[in-house]
Amino acid sequence: MDPALDTWDFSSPLISLWINRFYIYLGFAFGFSLWICFQIVIRKQNKNSPEKTTPKASQNLMTNGYISHPKKEVFVSGVKIFYGSQTGTAKGFATILAEALSSLNLPVAMINLKDYDPDDRLIEEVTSKNVCAFLVATYTDGQPPESAAWFCKWLEEAANDFRFGKTYLKGMRYAVFGLGNSVYLSHFNTVGKNVDKWLWMLGAHRVMTRGEGDGNVVKSKHGSVEADFTAWKTKFISRLQALCKGERKHCGGNCKKGKCESNQRGSEVAEPGSHVQEELPHRDAEDEEPFGSTNEEESDTEDHLSSNPVIDVEDLGKIMDHVKKEKREKEQLEGETSAIRSTVKSEASERRAMITPALREALTKQGYQLIGSHSGVKLCRWTKSMLRGRGGCYKHTFYGIESHRCMETTPSLACANKCVFCWRHHTNPVGTEWRWKMDQPEMILKEAIENHQNMIKQFKGVPGVKEERFEEGMTVKHCALSLVGEPIMYPEINKFLKLLHECKISSFLVTNAQFPAEIRDLKPVTQLYVSVDASTKDSLKKIDRPLFRDFWQRFLDSLKALAAKQQRTVYRLTLVKAWNVDELQAYAELVSLGNPDFIEVKGVTYCGESSASSLTMANVPWHEEVVRFVCELVDLIPDYEVACEHEHSNCLLIAHKKFKIGREWWTWIDYSRFQELIQEYEDSGGSKTFSAKDYMAKTPHWALFGANERGFDPKDTRYQRKNKSKDISGC
């Protein structure tokens, strides 16, 4: 036997382990595998469990054997509402929004952009955790209102200044609601769009899509600017509530199986001291474009891909086919929905009334009796005055109207201008064409007369009212179609005029010289007025603020159309001191263009302070200044002379010399003769025409320019001047 073998003891444990080492290795491997599986199961359970483990930040707060709970994270510290308003609408909306936000228990501040210095204070919103809401209106020619002019100028310059950079306002959160009117198509909501764009260019975060209020009830998405704002306000409050919960991005509604990423983000507890910019590390998809467009198709595709982070190559084709199929179905559905919406909107537009509930309330407060969906009537103060025997209006002095028998009405409250001296403070709608529901002329006239008579009845028994004039006032003899708006816009204006004449009511129609075709097509009226508020393109744009782009050509064409009329025609000039009183030669040229029978020159009437106009008492000329202007103008138009004066109305009448027979003026109207002539015209089918001189009447002495009565009828009790000696007749 080999002696070496004697040294080995095969019964030794080490030898046994060596011999069975394979089984030992296998046991270790099996145990390690079990441990790995156990850890995987535990981690999955922790991940799916709604109960979160104590965050590391909370563990660090454990001291002296107890846990100090972290302070609740504040995602929105308050809301600042910035407004820029010209007429007060944006300010009113800001107040409504502030009241609505009070339920969220957030500090709310209203800030007039006029009193805000963006150079020093806007940067504070980067770290303030406030949400800023901007309510801004668009004014003339797409310009911001005066109160927001400096803010917009600063913001535009900052957005285009490389020294500020694209991250200057990174961390600021904002939303914009613009107020405009789509009849000004090229400037619709320009200011709101620009503010939204400039804030985005400076790195601010848009929390929701910009809202656009439209004052044009025909095209407004929700029927009126108030309804547009209400819809935007509801979305804004909902978005704000989500932000308060910590949601960083607006949920698109495409989340699968109840897993909303925005909610998951909000549920995570942020570490103390985290910055708002860390909270928003990436700009959302809606921030990628300055106008807040979103792409739902892309987000839907992302949901498919993100639902399973690991995709088999074999399954990729199936997934893409599924995505393409859903995309086609969505496009088809959206196409059908869009068609349905377009049809509904078109039908709604056809049925939409000109007078909205808000407009009805505003006009009713001003004393209007509204008729149907677009007409109105109101009692003139001169009607009330003449019922008491206190004198008539300047039309009584110039043309012999009986003011207590005159009905002031309009078949169209809409207008194509927004004049700075509008005595209705722009409460009426505006438009360039008829797009509203239309009422029949028979109904309008019937209700206009009834409403007028009802207003006259209220004066029965009132001290000072003369019984004979009250009885006469119940029968309408004249109709002044100059209440408000643009009567000639009404598509059935000729039929309405025919109905007036059939009722033996004379017609005095006023137009703002923006509808030349309608003037040409207009049937004879007792007297046709054209408002000539300025004599140059620039001043007309400044004073009338017309809606049409080609307003000046329309203005000139209207004057040419007036020259072709055979009945009495009138230029009506409204003098606004420091605006249009220095354009005498230009006025003279316009007179030669339209060749009117008469020119009424009147000082502007100040109707009180209005946010819609910068007009003040300083712009109202004295009567002596109006007289001086008239005398200077007459020197430039040799075929005309000053005929009449109504000092109380600050108004003078320039008449063509053809109405001066011998040395006597014949500016008054023979109303009975006019009714005979218009009847003959209708009976002949329009072939038998007549001229202005066919129904003129002699002007009484007291109505003439330079008379001691200064335009007051001596029979009226208001005439108490007793041969006033002031002489201003030196033309």
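Residues numbered from 1 in each chain as written. Predicted model: local features only at pLDDT ≥ 70, side-chain atom pairs only at ≥ 80, totals over all residues. Heavy atoms only, no water.

### Digging into the overall build of the protein chain
A tally of helices and strands in the protein chain yields 24 helices and 22 strands. The buried share among the 731 residues of the protein chain stands at 48%. In the protein chain, the share of contacts with a sequence separation of at least 24, taken over all contacts with a separation of at least 6, comes to 75%. Total accessible area computed for the protein chain in this model is approximately 37,900 Å², and 52% of it derives from carbon and sulfur atoms. (Helix = DSSP H or I, 4+ residues; strand = E, 2+ residues; numbered from the N terminus. Buried < 20%, exposed > 50% of the residue type's maximum accessible area, 1.4 Å probe, protein only. Contact = heavy atoms within 4.5 Å. Areas by Shrake-Rupley, 256 points an atom, 1.4 Å probe, with all protein chains shown as cover.)

### Notes on the UniProt feature "transmembrane region" (unreviewed entry) in the protein chain
Mapped onto the present numbering, the UniProt feature "transmembrane region" (unreviewed entry) falls on residues 22-42. In residues 22-42, the share of helix is 100% and the share of strand is 0%. The end C-alpha atoms are 31 Å apart. (UniProt positions renumbered as here; feature names shortened; annotations may be inferred.)

### With respect to the packing of helix α6 (residues 149-159) against helix α7 (residues 190-201)
With their axes 9 Å apart at the nearest point, α6 and α7 run at an angle of 40° to one another. Accordingly, the angle class assigned to the pair α6 and α7 is oblique. The crossing of α6 and α7 is left-handed. Residues Cys152, Leu155, Glu156 and Ala159 of α6 pack against Val191, Val195, Trp198, Leu199 and Met201 of α7. Its residues assigned to classes, the contact of α6 with α7 comprises 8 nonpolar, no polar and 1 charged. (Axes fitted to C-alpha atoms, helices over the stretch in contact; angles between N-to-C directions. Parallel < 35°, antiparallel > 145°, perpendicular 65-115°, else oblique. Left-handed = near helix turned anticlockwise from the far one by under 90°. Nonpolar A, V, L, I, M, F, W, Y, C, P; charged D, E, K, R; others polar.)

### What about the pattern of salt bridges?
Side chains that carry opposite charge are capable of pairing whenever their charged atoms lie near each other. Per the counting criterion, the structure on display carries 18 salt bridges. For the salt bridge of Glu442 with Lys495, the shortest nitrogen-to-oxygen distance reads 3.1 Å. Note that Glu442 is positioned in helix α16 (residues 441-457) and Lys495 in helix α18 (residues 493-502), a separation of 53 residues in sequence. Given a relative accessible area of 36%, Glu442 falls into the partly exposed group. Residues joined by salt bridges that share partners form a network here, namely Asp196, Arg206, Arg210 and Glu212. (Salt bridge = Lys/Arg side-chain N within 4 Å of Asp/Glu carboxyl O.)

### Comments concerning the packing of aromatic side chains
Inspection of the entire model under this criterion finds 27 aromatic pairs. Geometrically, the ring pair formed by Trp232 and Phe236 is stacked, given 5.2 Å between the ring centres and 10° between the ring planes. Linking Trp232 with Phe236, this pair stays in helix α8 (residues 225-244), spanning 4 residues, or about one helical turn. You'll find Trp232 and Phe236 in the same group, each marked buried. Taken together, a centroid distance of 5.2 Å and an interplanar angle of 55° make the contact between Phe674 and Tyr695 tilted. Residue Phe674 is located in helix α24 (residues 671-683), and its partner Tyr695 is located in the loop between α24 and β22 (696-697); the two are separated by 21 residues in the primary sequence. The same class applies to Phe674 and to Tyr695, which are both buried. Joined through ring pairs, the aromatic side chains of Phe93, Phe177, Phe229, Trp232 and Phe236 make up one cluster. Stacked on the ring of Tyr368, the Lys or Arg Lys378 has its end atom at 5.2 Å from the ring centre. (Phe/Tyr/Trp six-rings, centres within 6.5 Å; stacked < 30°, edge-to-face > 60°. Lys NZ or Arg CZ within 6 Å of the ring centre and 35° of its normal.)

### Details of the confidence of the model for the protein chain
Residue-level pLDDT values for the protein chain average 80, and 75% of them are 70 or greater. Here helix α10 (residues 276-279) is the element of the protein chain with the lowest mean pLDDT, 38, and strand β21 (residues 668-669) is the one with the highest, 97. Considering only residues more than four positions removed or in separate chains, one finds that residues 720-729, a stretch of pLDDT under 50, has 17 contacts. (pLDDT = per-residue confidence, 0-100.)

### Quick notes on the nonpolar core
Counting 89 residues, the largest nonpolar core has Val532, Phe555, Leu573, Ile599, Val601, Leu633 and Ile654 as its most contacted members. In this view, Ile599 contacts Tyr571, Leu573, Val591, Ile637, Tyr640, Leu652, Leu653 and Ile654; residues no more than four positions away in its chain are not counted. Within the second largest apolar cluster, 29 residues are counted, among which are Ala480, Leu653, Phe659 and Leu677. (Core = buried A, V, L, I, M, F, W, Y, C linked by side-chain atoms within 4.5 Å.)

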